[in-house]
Amino acid sequence: SLIGISLSDSKEKCLPGQEHLFNIEALKASKEIYLTDSVLNALLLYSIGLRETASIIGDSLNDSHLKLFEKYQTKSVTLLVASYNLQRFSKKIKSQGIAVGYIDIDSKSLPRLMLEGLKKDYCLSLVKEPQIDMAEPLIEERGEEIFYEFEDRRYRVRRLDPFRLDCLRINL
């Protein structure tokens, strides 16, 4: 994969048509993987010996990622992601019948911890199981659209204008 960082919004980008997963070889090699939301964090975990580490490229965990988990028969995913992504990612992965855990470290402080000598054993001792409320909907914003996903149904709000309530359109 060819990966870069956008100068306008500092987000990781890859060429169209490529897998949106850094180190897909980890999925091929192991049924238990570590998943980050940053290529840098994936490389840092790899450097301390967690070779089964992959990273999402882009903003969110989507259906193509879940299909890769299914294709390579992933049994367990341990997350190291920003706190605002933890519940959403955990819920999506768990809904596929995959065991989920998370490393209880602020993902933004990982580089500092590496400089202080973070070790693989200590990192693994921080793995916890997330508390997932399956009744709470997943809420995802994509441009001007908002998606609400419940366990058995999904809603898409196409337009929401606070000054024109007659413009609210929802696809059920």
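Throughout what follows, the structure given in this document is the object of discussion. (Residues numbered from 1 in each chain as written. Predicted model: local features only at pLDDT ≥ 70, side-chain atom pairs only at ≥ 80, totals over all residues. Heavy atoms only, no water.)

Note that an α-helix has 3.6 residues per turn; residues three or four places apart therefore point the same way. For helix α4 (residues 83-94), built from twelve residues, the straight-helix expectation of 16 Å at 1.5 Å per residue is met to within 8% by its first-to-last C-alpha distance of 17 Å. Within α4, the full set of buried residues consists of N85, L86, R88, F89, S90, K91, K92 and I93. Buried residues in α4 make contact with β4 (32-36), β5 (53-56), α3 (63-71), β6 (76-80), β7 (99-103) and β9 (138-142). (Helix = DSSP H or I, 4+ residues; strand = E, 2+ residues; numbered from the N terminus. Expected span 1.5 Å × (residues − 1). Buried < 20%, exposed > 50% of the residue type's maximum accessible area, 1.4 Å probe, protein only. Contact = heavy atoms within 4.5 Å.)

Take the sheet that holds strand β3 (residues 21-22) next. In a beta sheet, neighbouring strands pair by backbone hydrogen bonds and run either parallel or antiparallel. With mixed pairing, the six strands of this open sheet are ordered in space as β3-β5-β4-β6-β7-β8. Looking at the sheet topology across the chains shown, the edges are occupied by β3 and β8 (127-128). Packed on one face of the sheet, helix α2 (residues 39-47) meets β3, β4, β5 and β6 and runs near 175 degrees to β5. Contacts between α4 and the sheet are confined to β4, β5, β6 and β7, with β6 contributing the most and set at about 170 degrees to the helix. (Pairing = 2+ DSSP bridges. Axes fitted to C-alpha atoms, helices over the stretch in contact; angles between N-to-C directions.)

Looking now at the packing of aromatic side chains. Scanning the model with the defined rule gives zero aromatic pairs in all. Directly above the aromatic system of Y46 lies the positively charged group of R51, at a separation of 4.4 Å from the ring centroid. (Phe/Tyr/Trp six-rings, centres within 6.5 Å; stacked < 30°, edge-to-face > 60°. Lys NZ or Arg CZ within 6 Å of the ring centre and 35° of its normal.)

Going residue by residue along β5, you find T53 and S55 tucked away on one face and A54 and I56 tucked away on the opposite face as well. Both β3 and β5 contribute to a ladder of two bridges, which runs antiparallel. Directly across from F22, in β5, lies its bridge partner S55. Two strands pair when backbone bridges link them, and β4 and β5 are joined in this way by three bridges, in the parallel orientation. Across the sheet, residue T36 finds its bridge partner in β5, namely S55.

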